[in-house]
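Close look at the chain arrangement
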Amino acid sequence: MAILIGDTAPDFTLESTEGTIHFHDFIEGSWAVLFSHPKNYTPVCTTELGYTAKLKDEFAKRGVKVLGLSVDKIEDHAGWAKDIEETQGSALNFPLLADTQGEVARKYDMIHPNADNTLTVRSLFVIGPDKKVKLKIEYPASTGRNFDEILRVIDSLQLTAKHQVATPVNWMNGEDVIIVPAVSNEVAKDKFPGGWKEVKPYLRIVPQPQG
Ligand code: BEZ
């Protein structure tokens, strides 16, 4: 059965470039990004992993642990890591799972047989400290993902978790946000003492809460 937003992220134990990962222990108390790439020594994957490594401080600032996955072997990950450093200017600084049996890939529906029978598509899950799936995206092998967009979504998810605000179309960090419909005006008066702009009763705009 497909994993849906709000579901508990399935647990697993698997070898990675940084030792054995027990996924739920790995997440413990943090946010996590779990993402698959189709294959080592391929061009788009090389650029994606290099860029993700460059974002190390951005993920750390947000309390997010990153975990990559492909069906390649650990030894292949190690060899390819050198190419990533050489061509993308940043060394791998997060663990890469070696899912050679496709066990985790199948659990997370990362293999789409009509696209490829064995290789994973570009799946990405953002998982909260409660171990629930907050975001899932799936891209084909030929299209590299936008990891700046992943950071943007994480900012939005964390604002919702902390302040009960949602983010409007094309929102960027620092811009105004929306009070979620579940917060009544009574409660909103306490939460947002500076007030809000009521465009419609269901569309209440506030400056982005800080902290
Ligand atoms: C790539 O990373 O460039 C790639 C991987 C698998 C299929 C197509 C492209």
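Here the structure is a predicted model, which is why all the values come from computation and not from measurement.

The calculated volume of the largest pocket comes to roughly 190 Å³. Along its surface, the largest pocket is lined by Arg 62, Asp 155, Gln 158, Leu 159, Lys 162, His 163, Asn 173, Gln 208, Pro 209, Gln 210 and Gly 211. Along the lines of polarity and charge, the residues of the lining of the largest pocket split into two nonpolar, six polar and three charged. The set of elements that each furnish at least two residues to the lining of the second largest pocket consists of α3 (56-61) and β4 (64-70). Looking at the lining of the second largest pocket, the element that brings in the most residues is α3, giving three residues.

Across a sheet, paired strands are connected by hydrogen bonds in the backbone, their directions being either parallel or antiparallel. One open sheet accounts for four strands, arranged β8-β9-β11-β10; its pairing is antiparallel. The sheet is open, and its two borders are formed by β8 (165-166) and β10 (197-200), each paired with just one other strand. Note that β8 and strand β9 (residues 177-179) share two bridges and pair antiparallel. By the bridge assignment for β9, Ala 166 is matched with Ile 178.

So, on to unusual backbone geometry. Notably, Lys 131 is not glycine yet its phi reads approximately 70°, a positive angle. Relative to the helices and strands, Lys 131 resides in the loop between β6 (122-127) and β7 (133-139). Take Lys 131: its relative accessible area is 15%, and that puts it in the buried class. Even without being glycine, Asn 170 reaches a positive phi, approximately 60°. Its place among the elements puts Asn 170 in the loop between β8 and β9.

Now for the domain arrangement of the chain. Under the domain assignment, the chain is made up of domain 1 (13-145) and domain 2 (163-206). Of note, the centres of domain 1 and domain 2, computed from C-alpha atoms alone, are 34 Å apart.

All right, on to the site of the ligand then. Near the ligand you find Pro 38, Thr 42, Pro 43, Val 44, Cys 45, Arg 122 and Ala 141, and these make up its full shell. Contacts to the ligand include Val 44, whose backbone N or O atom sits 2.7 Å from an oxygen atom. Backbone polar atom of Cys 45 to an oxygen atom of the ligand: 2.8 Å apart, as the coordinates give it. Among the elements that line the shell around the ligand, the one with the most residues is helix α2 (residues 43-54), at three residues. Residue classes in the shell around the ligand are distributed as five nonpolar, one polar and one charged.

What counts, and where the lines are drawn
Residues numbered from 1 in each chain as written. Predicted model: local features only at pLDDT ≥ 70, side-chain atom pairs only at ≥ 80, totals over all residues. Heavy atoms only, no water. 1 Å grid on protein atoms, 1.4 Å probe; cavity = no way out; pocket = protein on both sides within 12 Å on 5 of 7 lines; lining within 4 Å. Points joined across faces, edges and corners; volume = space filled by probe spheres on them. Nonpolar A, V, L, I, M, F, W, Y, C, P; charged D, E, K, R; others polar. Helix = DSSP H or I, 4+ residues; strand = E, 2+ residues; numbered from the N terminus. Pairing = 2+ DSSP bridges. Buried < 20%, exposed > 50% of the residue type's maximum accessible area, 1.4 Å probe, protein only. Domains from an automatic or database assignment. Near = heavy atom within 4 Å. Polar contact = N/O pair within 3.5 Å; in protein donor to acceptor, adjacent residues only side chain to side chain.

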